[in-house]
Amino acid sequence: MMLGPKTVTRGATKGAAPRSMAARRVGGARRLSVRAAAGPAGSEKFDYVLVGGGTASCVLANKLSADGNKKVLVLEAGPTGDAMEVAVPAGITRLFAHPVMDWGMSSLTQKQLVAREIYLARGRMLGGSSGSNATLYHRGSAADYDAWGLEGWSSKDVLDWFVKAECYADGPKPYHGTGGSMNTEQPRYENVLHDEFFKAAAATGLPANPDFNDWSHPQDGFGEFQVSQKKGQRADTYRTYLKPAMARGNLKVVIGARATKVNIEKGSSGARTTGVEYAMQQFGDRFTAELAPGGEVLMCSGAVHTPHLLMLSGVGPAATLKEHGIDVVSDLSGVGQNLQDHPAAVLAARAKPEFEKLSVTSEVYDDKCNIKLGAVAQYLFQRRGPLATTGCDHGAFVRTSSSLSQPDLQMRFVPGCALDPDGVKSYIVFGELKKQGRAWPGGITLQLLAIRAKSKGSIGLKAADPFINPAININYFSDPADLATLVNAVKMARKIAAQEPLKKYLQEETFPGERASSDKDLEEYIRRTVHSGNALVGTAAMGASPAAGAVVSSADLKVFGVEGLRVVDASVLPRIPGGQTGAATVMVAERAAALLRGQATIAPSRQPVAV
Ligand code: FAD
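Because the structure is predicted, anything quoted here is derived from the model rather than measured. (Residues numbered from 1 in each chain as written. Predicted model: local features only at pLDDT ≥ 70, side-chain atom pairs only at ≥ 80, totals over all residues. Heavy atoms only, no water.)

Chemist: If you had to explain the environment of Ser132 to someone new, which residues and values would you point to?
Modeler: Following the sequence through the fold, Ser132 ends up in the loop between strand 9 (119–120) and helix 5 (142–146). Assessed through its relative accessible area of 14%, Ser132 is described here as buried. Sequence spacing of Ser132 and Glu85 is 47 residues, and the spatial spacing of their C-alpha atoms is 8.8 Å. When near neighbours in sequence (up to four residues on either side) are disregarded, Ser132 contacts Ile92, Leu95, Gly123, Met125 and Arg234. (Helix = DSSP H or I, 4+ residues; strand = E, 2+ residues; numbered from the N terminus. Buried < 20%, exposed > 50% of the residue type's maximum accessible area, 1.4 Å probe, protein only. Contact = heavy atoms within 4.5 Å.)

Quick look at the structure:
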């Protein structure tokens, strides 16, 4: 389907060519025929082709198409982000492993995690993962950016851009903006257990933190997490950036278009992109979206698909590319390396029978697991109540050791009981309860994330076929400090759950369960149940030079060794910030757009920071 200027046409089925069996072998892989510019993107040439229509891409599409002289094309593999389960925050429960709006990716088997594959959620729609994420708005800390050690990317440099991008509902306020497109607000759902958690956390000595994005004080403490929502509705970048620009005649958005390769020509003066090859269906013909002279391809496919596509296009570690028969365009050892995430574990406890109904799940579902009409009405008329939350917008940032200079742990407090210790699987177990007509039991969950994890994994190739998922080695706990953080995290969560007033609501710990008492037991529990905190970054890291593993230059986000190719998405973050990664991705995209429009350079800030 193509979303053209002002019109919505059904180009996906119409535009997709009849299957051609004109297969040939290129780069060791069987390929179907490629048609020059005859697909749903049309035959015009573009100044910018954005590969992926996700979080960063929607920002770029808006800002770049504001210049009416530039033609911008967005190629997105998934559908629009208009579905109700995207718009309503509580719909997140239906988006995990969604057959269309999630990529359904998993890691390679992880020996150190008792031979498990780790499910890695990735949004597949306009808005990308901002359409399926938990909407938490965190920038991390100032020290996170200073630790990058990159000119132009210190905390002082990035803060202005965070503030410029934001539209905070309760502003103006120091460290928050009110003039940007990224809507943020305080959570609109309150549960009595939130306050009880805060009191219990205070009883363990944690301070209250009124604003985790205010860098004038440390990140430590408990409190409300701000959310990327607008009056209780998800404020993903499709809604906030792309939709308002959709009517522009110079912006074309094609959905259902899967990029398969960036076309790069090698000449005597070096390598230059000429366009992007894409498919409307796996076994259909490939089409080419062509660049206008001087045009650029902007990789916005996220931290898994961007390095994957780069490698398929000849940009990556030469040995890997050669092994798969791919011509090497730019030998960059850093492509796909440096994969980072927030590994997560849970502590959950069942409520005493008299408190069962306090949980958010009981507010949403009746005893037969049907959605309660009252919750729907409250959401429709007030944009409040249990449907206005993704469930985890209250919590704490904590140091698990006094030797640390900042928190290594985020606790997300959920006023509901996890049904499975591997976070996402709760919803699968819930499906079973529903079939049996049984209610979701009440209780609490603390999801514990190692937010400044040091372990590093990689994205590699299984095959040169773009429809074969890449080899993702998530490699949690390659640095033992991350496992230690989570072991200590479970102990701290237990300590909080044991404090009044929280304690009085709880009957028994279900996960890990009281029998897991020694450090060895807890390590075992964590290895068996650790799941992704959904913060994948770093796989096309920016930096000063490829010799140090950088893939793009931190001065302009250009891929080393290829003209007309930049990466603008979560892949470029060289080191994971200690907070969710959506805000940082938007910050990078805002800066990239200003750079491309000649409105700013990526240089050290000489201005005092506007807060
Ligand atoms: P994405 O937004 O993922 O966009 C990539 C886009 O490229 C997708 O639309 C994808 O379909 C498309 N694409 C990929 N390959 C191709 C191809 N070959 N052809 C065409 N299109 C392609 N961050 C927060 O700040 N707060 C949170 O609460 C939070 N929770 C999260 C919960 C989940 C379940 C997930 C998955 C992420 C969460 N994050 C959160 C992380 C945050 O959403 C991401 O860091 C951010 O959205 C990444 O943006 P991106 O532009 O790099 O990639």
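Chemist: So, the packing of aromatic side chains: which residues are in play, and what are the values?
Modeler: One pass over the structure, following the stated rule, counts 16 aromatic pairs. Here the aromatic rings of Phe225 and Phe397 are separated by 5.7 Å at their centres, their planes lie at 65°, and the arrangement is edge-to-face. Here the residue Phe225 occupies a position in the loop between strand 12 (221–224) and strand 13 (229–230), and Phe397 occupies one in strand 22 (residues 394–398), the gap between them amounting to 172 residues. With a centroid separation of 4.6 Å and 45° between ring planes, the pair formed by Tyr365 and Phe430 is classed as tilted. Remark: Phe430 occurs in helix 13 (residues 425–435) and Tyr365 occurs in the loop between helix 11 (360–364) and helix 12 (373–382); sequence separation between them is 65 residues. Like Phe430, Tyr365 is buried. Through successive ring pairs, a cluster of aromatic residues spans Tyr145, Trp148, Trp153, Phe162 and Trp215. Taking the ring centre of Trp103 as reference, the NZ or CZ of Arg124 above it sits at 5.0 Å. Directly above the ring of Trp161 sits Lys164, whose terminal nitrogen or CZ lies 4.1 Å from the centroid. (Phe/Tyr/Trp six-rings, centres within 6.5 Å; stacked < 30°, edge-to-face > 60°. Lys NZ or Arg CZ within 6 Å of the ring centre and 35° of its normal.)

Chemist: Any details on the site of the ligand? Residues and values, ideally.
Modeler: Near the ligand lie 38 residues; those nearest to it are Thr55, Glu76, Leu136, Thr581 and Gly582. Here an oxygen atom of the ligand and a side-chain polar atom of Thr55 are 2.5 Å apart. Bound to the protein, the ligand loses 98% of the 1,000 Å² it would expose on its own. Class assignment for the residues of the shell around the ligand results in 15 nonpolar, 19 polar and four charged. (Near = heavy atom within 4 Å. Polar contact = N/O pair within 3.5 Å; in protein donor to acceptor, adjacent residues only side chain to side chain. Areas by Shrake-Rupley, 256 points an atom, 1.4 Å probe, with all protein chains shown as cover. Nonpolar A, V, L, I, M, F, W, Y, C, P; charged D, E, K, R; others polar.)

Chemist: Please provide a residue-by-residue account of the UniProt feature "binding site: hexadecanoate" in the chain, values included.
Modeler: The UniProt feature table records "binding site: hexadecanoate" at Cys392, Arg412, Tyr427 and Gln447. Structurally, Arg412 is set in strand 23 (residues 409–414). A polar contact is formed between the side chain of Arg412 and the side chain of Gln447, at a distance of 2.8 Å. Considering the arrangement of structural elements, one finds Tyr427 in helix 13. Those residues in contact with Tyr427 that lie beyond four places of it in its chain are Thr93, Phe96 and Trp440. (UniProt positions renumbered as here; feature names shortened; annotations may be inferred.)

Chemist: An account of the state of the cysteines is needed here, citing residue identities and associated values.
Modeler: The full count for this structure, using the stated rule, is zero disulfides. No disulfide involves Cys392; its sulfur sits 16 Å from that of Cys417, the nearest cysteine. This cysteine, Cys417, is not joined by any disulfide, and Cys369 carries the nearest cysteine sulfur, 14 Å off. (Disulfide = S-S within 2.5 Å.)

Chemist: Give a description of the nonpolar core that names residues and reports values.
Modeler: Ranked by internal contacts, the top residues of the largest apolar core, which has 153 residues, are Leu50, Trp153 and Ile526. Every residue in contact with Ile526, bar those within four places of it in the chain, is listed here: Arg116, Ala345, Phe477, Leu483, Leu486, Val487 and Val490. In this structure, Ala90, Tyr365, Leu387 and Phe430 belong to the second largest nonpolar core, which totals 13 residues. (Core = buried A, V, L, I, M, F, W, Y, C linked by side-chain atoms within 4.5 Å.)

Chemist: So what's going on with the environment of Ala583? Residues and values would help.
Modeler: The topology assignment puts Ala583 in helix 16 (residues 582–596). Between the alpha carbons of Ala583 and Arg139 there is a distance of 5.9 Å; along the sequence they are 444 residues apart. If we ignore the near neighbours within four places in the chain, the residues touching Ala583 are Tyr137, His138, Phe162 and Met182.

Chemist: Before we move on, could you go through the pattern of salt bridges and cite the residues and values that matter?
Modeler: Counted under the stated rule, the structure contains 21 salt bridges. Of the charged contacts in the structure, one is a salt bridge between Lys491 and Asp519, with a shortest N-O distance of 2.8 Å. Remark: Asp519 occurs in helix 15 (residues 519–529) and Lys491 occurs in helix 14 (residues 480–497); sequence separation between them is 28 residues. Judged by relative accessible area, Lys491 falls into the partly exposed class, the value being 34%. Overall, Asp519 belongs to the partly exposed group, its relative accessible area being 39%. The residue Glu524 makes a salt bridge to Arg528 at a minimum N-O spacing of 2.7 Å. Here Arg528 and Glu524 lie together in helix 15, a separation of four residues that amounts to about one turn. Relative accessible area serves as the criterion here: at 38%, Glu524 is assigned to the partly exposed category. Its relative accessible area of 45% is what places Arg528 among the partly exposed residues. (Salt bridge = Lys/Arg side-chain N within 4 Å of Asp/Glu carboxyl O.)

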